[in-house]
Amino acid sequence: MTSELFSPLLLRSGQVLSNRIGKAAMEENMAADGQVPGKQILTLYRRWAEGGAGLLITGNVMVDAEALTAPSGIVLDAHSPLEPFVKWAKVGKSGGGAMWMQINHPGRQVPSGMPGVAWAPSAIGIDLGRHSKRFGRPVAMTPRQIEETVSRFVMTAHRAERAGFDGVEIHAAHGYLLSQFLSPLVNRRTDHWGGSLENRARMLLDIVRAVRATVSPSFAVAVKLNSADFQRGGFDADDARQVIEMLEPLGVDLIELSGGSYESPAMTGRPADESTQAREAYFLDLARVLVKRGPVPLMLTGGITQRYSAERVLDSGVAMVGLGTAITLTPDLPHRWRNAREADRPIEPITWSDKALAAAASMARVRGQMRRLARGRQTNPGSNPAIALISERRRQRKAVRSYRAWLSKERVTRGR
């Protein structure tokens, strides 16, 4: 069956993606000792590589060993051994698709009790009501810390290319550091990193500009951007349109559109603003607005599980569809779509009234399915979300101890 889904996509860098289906980034929390990719990650990505997607994007890789989204996060900085990443890139490309590394800094979205730093553009904590204490209280970054963090993104991109990855995706969505700088709710700075949208976008633009100047012309540089934060007074669709226009002259290959943050988890289908309902292709309505004037190819991620939804996304003018939970539950879903088949069973949405807890359980359940794949087992869409969340929190408590011990030793080497 022929379809635009299975047509190639030529990017500005000259890189050609074999089809329009991308495995979107999902945080695996599977780092081996030393915060590097290990056997589990390799097994997981081999499954996805065999599944037929034209592009695999890794879960977020941290640019700073002192700032992780979770204690089992992977770090690639100037001191990280490169060989584990060489193996990861090779496995990811083994099925014929491209392999990109998503690079990220959590900013204030760091769990409480973690060693290291919790930084933000301004000293404004995460508001999750009774769950707010799950995250540390952030401190406002100094100009020097901002500039050093820009350099860290560039270093990670440079080393990703050396390891054999085909590109990087700079994470500026979901409430992480670069998304925090873009948000007028979090960024209350009065210097040239805050105020106007141009100032709030400065850090992202500086990173993109410096990465593009450092890596090879054929190495892809992409950005993950919120189509909106889904919070009143936050980053909105018009802001996204303007940022896309700012990124266009910098040589960006692709912009992945998503939305939300921990405070408004629209990426799980449960935004704080009830006017946006959980549905197939959560952000398609906003994408249609952005694609009309967007000069850069767009990839849309969020809630796409069936082929008809993917086709609808492409019909809107979006260049690629991103799959998250769907490709975790059914790692060969692109091959199935090519053969006019669908996934066996969808995962049931979590409709708990506590949205913050529901979002955490949703992510824990998906990571549980990834661990099943990493052990060579089949996924279980009917897994209990409460049990998944409890198991995840127990695993994280143990991982914090390992990360703390590793970081203590590494600080001497890293001069921190």
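Residues numbered from 1 in each chain as written. Predicted model: local features only at pLDDT ≥ 70, side-chain atom pairs only at ≥ 80, totals over all residues. Heavy atoms only, no water.

**Looking at the overall build of the protein**
Convention followed: Helix and strand definitions follow DSSP, with helices as H or I runs of at least four residues and strands as E runs of at least two, each counted in order from the N terminus. Burial classification: accessible surface area is computed with a 1.4 Å probe over protein chains only, and a residue below 20% of its type maximum counts as buried, one above 50% as exposed, and the rest as partly exposed. The Shrake-Rupley method, run with a 1.4 Å probe, gives the accessible areas here. Residue values count only the displayed protein chains as cover.
For the protein, the helix and strand inventory stands at 13 helices and 14 strands. For the protein, the residues scored as buried account for 63% of the 416 residues in total. Within the structure as shown, the protein displays about 16,100 Å² of accessible surface, and the carbon and sulfur contribution to it stands at 50%.

**Points about the pattern of salt bridges**
Let me state the cut-off plainly: Between Lys or Arg on one side and Asp or Glu on the other, a salt bridge is scored when a side-chain nitrogen of the former is within 4 Å of a carboxyl oxygen of the latter.
Applying the stated criterion across every chain, the model contains 18 salt bridges. We note a salt bridge from Asp 332 to Arg 336, for which the minimum N-O separation is 3.1 Å. Several salt bridges converge on common partners, so that one network encompasses Glu 27, Arg 367, Arg 371 and Glu 392.

**Section: the nonpolar core**
Note the following rule: We define the nonpolar core as a collection of buried residues of types Ala, Val, Leu, Ile, Met, Phe, Trp, Tyr and Cys that are connected through side-chain atoms lying within 4.5 Å of one another. Residues are treated as being in contact if the distance between any of their heavy atoms lies within 4.5 Å.
In terms of nonpolar packing, the biggest core is built from 89 residues, with Trp 88, Ile 170 and Leu 204 touching the most fellow members. Considering each element in turn, this core owes the most residues, seven residues, to helix H3 (residues 143–163). Not counting chain neighbours up to four residues away, the residues in contact with Leu 204 comprise Ile 170, Ala 172, Leu 178, Leu 182, Val 223, Val 243 and Leu 247. With 15 residues, the next largest nonpolar core counts Trp 100, Leu 254, Ala 319 and Met 320 among its residues.

**Considerations on the confidence of the model for the protein**
Caution applies to low-pLDDT parts of the model: their predicted coordinates are not meant to be read in detail. Going by this rule: Note: pLDDT gives the predictor's confidence per residue, expressed from 0 to 100.
For the protein, the mean per-residue pLDDT works out to 89, and 90% of the residues sit at or above 70. Contacts from residues 265–280, a stretch scored under 50 in pLDDT, to residues over four places away or in other chains number 50 contacts.

**Considerations on the pairing of strand S7 (residues 98–104)**
The condition that has to hold: Here, a strand pair is defined by DSSP locating no fewer than two bridges between the strands.
Most of S7 is tucked away, with seven of its seven residues classed as buried. The side-chain alternation of S7 yields two buried faces, one formed by Ala 98, Trp 100, Gln 102 and Asn 104 and the other by Met 99, Met 101 and Ile 103. Two strands pair when backbone bridges link them, and strand S4 (residues 55–57) and S7 are joined in this way by three bridges, in the parallel orientation. Bridge pairing in S7 places Leu 55 opposite Ala 98. As judged from the two bridges shared by strand S5 (residues 61–62) and S7, these two strands associate in the parallel manner. Paired with Val 61 across the two strands is Ile 103, which belongs to S7. Here S7 runs beside strand S10 (residues 167–172); their pairing, made up of four bridges, is parallel. Each residue of the ladder has a partner; that of Ile 103, found in S10, is Ile 170.

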